[in-house]
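Understanding the architecture of this molecule
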Amino acid sequence: MGKPEFVYVTYIATTPEKLWSALLDPNLTAQYWQHENVSDWKAGSKWEHRAFDGARTLRLVGRVVESKPPRRLVLTWAYPDDTVPEEKQSRVTFDLEPAGGVVRLTVTHENFQPESEMFDRIRNGWPKVLSSLKSLLETGRALPELW
Amino acid sequence: MDDVFKALASPARRRLLDALRAHNGLTLRALCTHLDMSRQAVTQHLERLEQANLVATVRRGREKLHYLNPVPIHAIYERWIRKYDRRPLEALRDLKRRLEGEDDG
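So, the interface of chain A and chain B
With 16 residues of chain A at the contact, the number on the chain B side is 14 residues. Every element with two or more residues in the side of chain A that touches chain B is listed here: strand S1 (6-12), strand S7 (102-110) and helix H3 (117-139) of chain A. Among the elements that make up the side of chain A that touches chain B, the one with the highest residue count is S1(A) (six residues).

Structure below.
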(Lines give C-alpha, C1' and ligand atoms only; values in the text may rest on other atoms or scores of the structure.)
Protein backbone atom coordinates (compact mmCIF):
# COMPACT_ATOMS: atom_id res chain seq x y z
CA MET A 1 0.00 0.00 0.00
CA GLY A 2 1.31 3.48 -0.87
CA LYS A 3 0.98 6.56 1.25
CA PRO A 4 -2.43 7.40 2.77
CA GLU A 5 -4.56 9.87 0.82
CA PHE A 6 -6.18 11.43 3.92
CA VAL A 7 -5.29 11.71 7.59
CA TYR A 8 -7.67 13.39 10.02
CA VAL A 9 -7.06 14.07 13.69
CA THR A 10 -9.44 15.26 16.37
CA TYR A 11 -9.12 15.50 20.15
CA ILE A 12 -12.25 14.51 22.06
CA ALA A 13 -12.89 14.93 25.78
CA THR A 14 -14.02 11.38 26.50
CA THR A 15 -12.57 7.93 27.24
CA PRO A 16 -11.26 5.45 24.63
CA GLU A 17 -14.04 3.03 25.63
CA LYS A 18 -16.81 5.57 25.02
CA LEU A 19 -15.26 6.67 21.76
CA TRP A 20 -14.91 3.05 20.65
CA SER A 21 -18.57 2.34 21.23
CA ALA A 22 -19.51 5.60 19.50
CA LEU A 23 -17.79 4.31 16.35
CA LEU A 24 -19.53 0.94 16.41
CA ASP A 25 -22.91 1.29 18.08
CA PRO A 26 -25.60 1.83 15.40
CA ASN A 27 -27.75 3.81 17.86
CA LEU A 28 -24.90 6.27 18.38
CA THR A 29 -23.71 6.44 14.76
CA ALA A 30 -27.32 7.15 13.78
CA GLN A 31 -27.18 10.27 15.96
CA TYR A 32 -23.95 11.89 14.77
CA TRP A 33 -23.46 10.26 11.34
CA GLN A 34 -27.10 9.83 10.41
CA HIS A 35 -26.12 6.33 9.29
CA GLU A 36 -26.03 3.03 11.14
CA ASN A 37 -22.80 1.05 11.28
CA VAL A 38 -23.80 -2.59 11.57
CA SER A 39 -21.58 -5.62 12.24
CA ASP A 40 -20.51 -7.96 15.01
CA TRP A 41 -17.13 -6.17 14.64
CA LYS A 42 -15.02 -9.33 14.78
CA ALA A 43 -11.96 -9.49 12.55
CA GLY A 44 -13.03 -11.04 9.25
CA SER A 45 -16.71 -10.11 9.61
CA LYS A 46 -18.58 -7.93 7.15
CA TRP A 47 -19.86 -4.50 8.13
CA GLU A 48 -22.54 -2.28 6.62
CA HIS A 49 -23.15 1.45 6.61
CA ARG A 50 -26.87 2.14 6.19
CA ALA A 51 -28.72 5.44 5.93
CA PHE A 52 -30.80 6.14 9.00
CA ASP A 53 -34.02 6.59 7.07
CA GLY A 54 -37.15 4.54 6.50
CA ALA A 55 -35.55 2.55 3.68
CA ARG A 56 -32.25 1.84 5.52
CA THR A 57 -30.48 2.32 2.19
CA LEU A 58 -27.18 0.45 2.02
CA ARG A 59 -24.46 3.04 1.34
CA LEU A 60 -21.15 1.31 2.12
CA VAL A 61 -19.95 -2.21 2.76
CA GLY A 62 -16.68 -3.74 3.84
CA ARG A 63 -14.88 -6.15 6.07
CA VAL A 64 -13.37 -5.80 9.53
CA VAL A 65 -9.64 -6.22 8.89
CA GLU A 66 -8.45 -5.64 12.44
CA SER A 67 -10.22 -4.95 15.72
CA LYS A 68 -8.35 -4.16 18.94
CA PRO A 69 -10.83 -2.54 21.32
CA PRO A 70 -10.53 0.24 22.35
CA ARG A 71 -7.44 1.23 20.39
CA ARG A 72 -7.47 0.31 16.72
CA LEU A 73 -10.06 -0.59 14.12
CA VAL A 74 -9.28 -1.23 10.44
CA LEU A 75 -12.09 -1.58 7.89
CA THR A 76 -12.32 -1.97 4.14
CA TRP A 77 -14.61 0.68 2.73
CA ALA A 78 -16.44 0.21 -0.57
CA TYR A 79 -19.67 1.03 -2.37
CA PRO A 80 -22.14 -1.87 -2.44
CA ASP A 81 -21.88 -2.16 -6.25
CA ASP A 82 -18.08 -2.03 -6.22
CA THR A 83 -16.58 -4.88 -8.23
CA VAL A 84 -12.89 -4.49 -7.37
CA PRO A 85 -11.37 -7.28 -5.27
CA GLU A 86 -11.26 -6.71 -1.53
CA GLU A 87 -7.51 -6.08 -1.32
CA LYS A 88 -7.92 -3.19 -3.77
CA GLN A 89 -10.76 -1.53 -1.88
CA SER A 90 -10.11 1.61 0.12
CA ARG A 91 -9.25 1.15 3.76
CA VAL A 92 -10.02 3.17 6.87
CA THR A 93 -8.05 2.96 10.12
CA PHE A 94 -9.27 4.44 13.40
CA ASP A 95 -6.53 4.89 16.02
CA LEU A 96 -7.56 5.93 19.52
CA GLU A 97 -4.84 7.17 21.87
CA PRO A 98 -5.30 8.66 25.34
CA ALA A 99 -3.67 12.11 25.34
CA GLY A 100 -3.66 13.95 28.65
CA GLY A 101 -7.24 13.43 29.75
CA VAL A 102 -8.70 13.47 26.25
CA VAL A 103 -8.54 10.99 23.38
CA ARG A 104 -6.71 11.63 20.15
CA LEU A 105 -8.63 10.04 17.28
CA THR A 106 -6.74 9.60 14.02
CA VAL A 107 -8.68 8.51 10.94
CA THR A 108 -6.54 7.37 8.02
CA HIS A 109 -8.17 6.68 4.66
CA GLU A 110 -6.02 5.09 1.99
CA ASN A 111 -5.76 2.77 -0.99
CA PHE A 112 -8.22 4.59 -3.24
CA GLN A 113 -8.79 3.46 -6.79
CA PRO A 114 -7.44 5.96 -9.34
CA GLU A 115 -10.17 8.44 -10.43
CA SER A 116 -12.34 7.18 -7.60
CA GLU A 117 -15.65 8.91 -7.04
CA MET A 118 -15.22 8.14 -3.36
CA PHE A 119 -12.16 10.39 -3.15
CA ASP A 120 -14.15 13.62 -3.59
CA ARG A 121 -17.08 12.48 -1.53
CA ILE A 122 -15.10 11.51 1.53
CA ARG A 123 -12.97 14.64 1.34
CA ASN A 124 -16.02 16.61 2.47
CA GLY A 125 -17.48 13.87 4.58
CA TRP A 126 -14.89 13.07 7.24
CA PRO A 127 -14.52 16.57 8.75
CA LYS A 128 -18.30 16.74 9.17
CA VAL A 129 -18.57 13.30 10.72
CA LEU A 130 -15.69 13.93 13.12
CA SER A 131 -17.02 17.35 14.21
CA SER A 132 -20.41 15.83 14.81
CA LEU A 133 -18.94 12.89 16.76
CA LYS A 134 -16.92 15.28 18.94
CA SER A 135 -19.99 17.43 19.55
CA LEU A 136 -22.11 14.42 20.56
CA LEU A 137 -19.54 13.03 22.99
CA GLU A 138 -18.69 16.39 24.55
CA THR A 139 -22.06 18.13 24.64
CA GLY A 140 -24.58 15.34 24.14
CA ARG A 141 -25.75 16.95 20.91
CA ALA A 142 -24.69 15.94 17.41
CA LEU A 143 -24.61 18.44 14.53
CA PRO A 144 -27.94 18.77 12.74
CA GLU A 145 -28.54 18.03 9.04
CA LEU A 146 -25.14 16.66 8.30
CA TRP A 147 -25.73 15.67 4.67
CA MET B 1 -9.33 27.62 18.98
CA ASP B 2 -6.86 30.47 19.69
CA ASP B 3 -4.11 28.26 18.28
CA VAL B 4 -6.06 27.81 15.06
CA PHE B 5 -6.56 31.53 14.47
CA LYS B 6 -2.93 32.32 15.35
CA ALA B 7 -1.70 29.60 13.04
CA LEU B 8 -3.88 30.91 10.21
CA ALA B 9 -2.77 34.50 10.78
CA SER B 10 0.29 34.06 8.58
CA PRO B 11 0.33 34.18 4.76
CA ALA B 12 3.23 31.70 4.69
CA ARG B 13 1.34 29.17 6.78
CA ARG B 14 -1.77 29.60 4.65
CA ARG B 15 0.37 28.94 1.57
CA LEU B 16 1.72 25.84 3.28
CA LEU B 17 -1.82 24.57 3.90
CA ASP B 18 -2.71 25.32 0.27
CA ALA B 19 0.26 23.23 -0.83
CA LEU B 20 -0.96 20.33 1.30
CA ARG B 21 -4.49 20.68 0.01
CA ALA B 22 -3.14 20.32 -3.54
CA HIS B 23 -0.65 17.56 -2.65
CA ASN B 24 -1.52 15.83 0.58
CA GLY B 25 1.12 13.71 2.32
CA LEU B 26 4.27 15.68 1.44
CA THR B 27 7.60 15.24 3.17
CA LEU B 28 9.45 18.23 4.64
CA ARG B 29 11.85 18.20 1.73
CA ALA B 30 9.01 18.19 -0.84
CA LEU B 31 7.25 21.01 0.99
CA CYS B 32 10.41 23.17 0.89
CA THR B 33 10.63 22.65 -2.87
CA HIS B 34 6.94 23.41 -3.44
CA LEU B 35 7.03 26.56 -1.36
CA ASP B 36 10.51 27.78 -2.21
CA MET B 37 11.13 28.35 1.52
CA SER B 38 14.07 27.40 3.72
CA ARG B 39 13.98 24.14 5.62
CA GLN B 40 14.17 26.01 8.89
CA ALA B 41 11.23 28.28 8.05
CA VAL B 42 9.05 25.39 6.89
CA THR B 43 9.94 23.40 10.03
CA GLN B 44 8.88 26.29 12.27
CA HIS B 45 5.64 26.85 10.40
CA LEU B 46 4.84 23.13 10.53
CA GLU B 47 5.32 23.13 14.29
CA ARG B 48 2.76 25.90 14.70
CA LEU B 49 0.35 24.16 12.36
CA GLU B 50 0.72 20.81 14.14
CA GLN B 51 0.20 22.49 17.49
CA ALA B 52 -3.05 23.93 16.16
CA ASN B 53 -3.95 20.47 14.79
CA LEU B 54 -4.19 21.88 11.27
CA VAL B 55 -1.49 19.51 10.08
CA ALA B 56 -1.45 15.79 10.92
CA THR B 57 1.57 13.59 10.34
CA VAL B 58 2.13 9.90 9.76
CA ARG B 59 5.33 7.92 9.50
CA ARG B 60 5.82 5.61 6.56
CA GLY B 61 9.17 3.86 6.83
CA ARG B 62 11.79 6.56 7.28
CA GLU B 63 9.56 9.31 5.96
CA LYS B 64 7.31 11.67 7.89
CA LEU B 65 4.34 12.69 5.76
CA HIS B 66 2.27 15.84 6.36
CA TYR B 67 -1.48 16.09 5.85
CA LEU B 68 -3.91 18.98 5.86
CA ASN B 69 -6.26 18.35 8.76
CA PRO B 70 -9.36 20.48 8.13
CA VAL B 71 -11.26 19.29 11.22
CA PRO B 72 -10.55 22.45 13.35
CA ILE B 73 -11.54 24.68 10.42
CA HIS B 74 -14.76 22.74 10.13
CA ALA B 75 -15.45 23.52 13.78
CA ILE B 76 -15.07 27.25 13.01
CA TYR B 77 -17.43 26.87 10.08
CA GLU B 78 -19.99 25.12 12.26
CA ARG B 79 -19.80 27.77 14.95
CA TRP B 80 -19.90 30.97 12.91
CA ILE B 81 -20.91 30.31 9.34
CA ARG B 82 -23.37 27.49 8.96
CA LYS B 83 -25.87 29.05 11.35
CA TYR B 84 -26.15 32.07 9.09
CA ASP B 85 -27.29 31.80 5.55
CA ARG B 86 -24.35 30.44 3.63
CA ARG B 87 -25.68 31.33 0.18
CA PRO B 88 -25.79 35.14 0.48
CA LEU B 89 -22.24 34.98 1.87
CA GLU B 90 -21.10 32.94 -1.12
CA ALA B 91 -22.75 35.38 -3.51
CA LEU B 92 -20.91 38.28 -1.84
CA ARG B 93 -17.61 36.43 -2.00
CA ASP B 94 -18.09 35.70 -5.71
CA LEU B 95 -18.93 39.32 -6.38
CA LYS B 96 -15.81 40.48 -4.52
CA ARG B 97 -13.66 38.03 -6.47
CA ARG B 98 -15.06 39.15 -9.78
CA LEU B 99 -14.53 42.83 -9.00
CA GLU B 100 -11.15 42.59 -7.32
CA GLY B 101 -9.61 39.49 -8.86
CA GLU B 102 -8.37 36.52 -6.87
CA ASP B 103 -6.61 37.16 -3.58
CA ASP B 104 -5.00 34.82 -1.10
CA GLY B 105 -7.97 34.95 1.24
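Looking at the pairing of strand S3 (residues 46-51) of chain A
All names here are of chain A. Pairing of strand S2 (residues 35-38) with S3 involves four bridges; the strand directions are antiparallel. Residue pairing for S3: Val38 is matched across the bridge by Glu48. Where S3 meets strand S4 (residues 58-68), five bridges bridge the pair, whose relative direction is antiparallel. Bridging across to S4, Trp47 finds its partner in Gly62. Linkage of S3 to S4, two consecutive antiparallel strands, is achieved through a turn of six residues, within which Arg56 is found at a positive phi near 50 degrees.

Section: the sheet that holds S4(A)
All names here are of chain A. Pairing in this open sheet of seven strands is antiparallel, and the strands run S1-S7-S6-S5-S4-S3-S2 from one edge to the other. Every interior strand has two partners, whereas the edge strands, S1 and S2, have only one. The mean angle between the axes of side-by-side strands here comes to 20 degrees, regardless of whether they run parallel or antiparallel. Looking at chain direction, strand S6 (residues 90-99) and S7 are connected through nine bridges and run antiparallel. Looking at the pairing, Asp95 lines up with Thr106 of S7. The strands that H3 touches are S1, S6 and S7; relative to S1, the one it contacts most, it runs at about 10 degrees.

Digging into unusual backbone geometry
The omega torsion of the bond from Pro69(A) to Pro70(A) falls at -10 degrees, within 30 degrees of zero and hence cis. A positive phi angle is found at Trp41(A), which is not glycine, with a value near 60 degrees. The residue Trp41(A) is located in the loop between S2 and S3 in this model. Its identity as a non-glycine residue notwithstanding, Asn53(B) has a phi of 60 degrees, on the positive side. Locating Asn53(B) in the fold gives a position in the loop between helix H4 (39-51) and strand S1 (55-60).

What counts as what
- Residues numbered from 1 in each chain as written.
- Chains lettered and ligands numbered in written order.
- Predicted model: local features only at pLDDT ≥ 70, side-chain atom pairs only at ≥ 80, totals over all residues.
- Contact = placed C-beta atoms within 7 Å.
- Helix = DSSP H or I, 4+ residues; strand = E, 2+ residues; numbered from the N terminus.
- Pairing = 2+ DSSP bridges.
- Axes fitted to C-alpha atoms, helices over the stretch in contact; angles between N-to-C directions.

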